[in-house]
Amino acid sequence: MSELSSPYRFCPCCAGTLSWREIGGAPRQVCDDASCGHVFWGNPVPVVAALVEWQGSVILARNAAWAEGQFGLVTGFLERDEAPAEAACREVGEELGLVAVGAQLIGTYPFARKNEVIMAFHVPAQGEICLNEELAEVRLIAPEKLKPWDYGTGLAVAD
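We now turn to the structure provided with this report.

**Points about the overall build of the protein**
- When helices and strands are tallied, the protein shows two helices and 10 strands.
- Secondary structure elements of the protein occur, N-terminal to C-terminal, as β-β-β-β-β-β-α-β-β-β-β-α.
- Over its C-alpha atoms, taken along the principal directions, the protein stretches across nearly 60 × 30 × 30 Å.
- Here the contacts in the protein between residues at least 6 apart in sequence split such that 58% fall between residues at least 24 apart.
- Just so you have it, the protein exposes about 9200 Å², and 52% of that area is on carbon and sulfur atoms.

Here it is in structure tokens:
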């Protein structure tokens with residue numbers, strides 16, 4: 001993490017100024033107020049991804065904030081006290097309106113560009129697709145025609 005990618009300009013605990021110091025073998029932002037001393041560790045955020053299988057196809061989704069033609073797996077943040085597999089199933093319900101009938105771990109993948117770690121699951125689902133406001137559209141792809149991409153959730157597609 002560099003100064004350019006820092007989420008903070010001021011200490012989130014006391015509003016003091018932050019400076020960069022070497023801590024634990026990496027540059028970290030540290031509060032300059034000695035009575036506070038908060039360290040922003042910059043640990044990656046846990047994200048779940050669902051490779052959704054529905055009626056013999058894999059669902060790829062386009063987030064409403066993404067450009068035309070950009071699709072990926074259904075993803076979302078892991079909530080406090082939530083098991084990753086449960087989170088993947090919840091995201092399928094929230095974003096697609098489908099009922100997940102299981103979740104099998106595909107693998108875990110680094111996504112340094114967004115400072116995330118992705119836990120990807122194969123999620124068979126049933127019901128009728130009903131997109132929520134986060135998604136603009138979906139594409140149904142035959143599993144044998146699905147082509148992985150070389151970053152983020154594409155690594156799970158490859159596996």
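On we go from here.
**Concerning the side chain of Asn-132**
- With respect to the element layout, Asn-132 can be found in the loop between strand E9 (116-126) and strand E10 (135-141).
- A distance of 2.9 Å separates a polar atom in the side chain of Asn-132 from the backbone nitrogen of Glu-134.
- Not counting residues up to four positions away in its chain, the partners in contact with Asn-132 are Glu-94 and Glu-95.

**Looking at unusual backbone geometry**
- You will see that Ala-15, though not glycine, has its phi angle at about 70°, which is positive.
- Note on placement: Ala-15 falls in the segment before strand E1 (18-23).
- We classify Ala-15 as exposed; its relative accessible area is 55%.
- Its identity as a non-glycine residue notwithstanding, Gln-55 has a phi of 50°, on the positive side.
- As for its position among the elements, Gln-55 is in the loop between strand E4 (45-54) and strand E5 (57-63).
- On the basis of relative accessible area, Gln-55 is assigned to the exposed category, the value being 61%.

Here is what the cut-offs are and how they apply
- Residues numbered from 1 in each chain as written.
- Predicted model: local features only at pLDDT ≥ 70, side-chain atom pairs only at ≥ 80, totals over all residues.
- Heavy atoms only, no water.
- Helix = DSSP H or I, 4+ residues; strand = E, 2+ residues; numbered from the N terminus.
- Contact = heavy atoms within 4.5 Å.
- Areas by Shrake-Rupley, 256 points an atom, 1.4 Å probe, with all protein chains shown as cover.
- Polar contact = N/O pair within 3.5 Å; in protein donor to acceptor, adjacent residues only side chain to side chain.
- Buried < 20%, exposed > 50% of the residue type's maximum accessible area, 1.4 Å probe, protein only.

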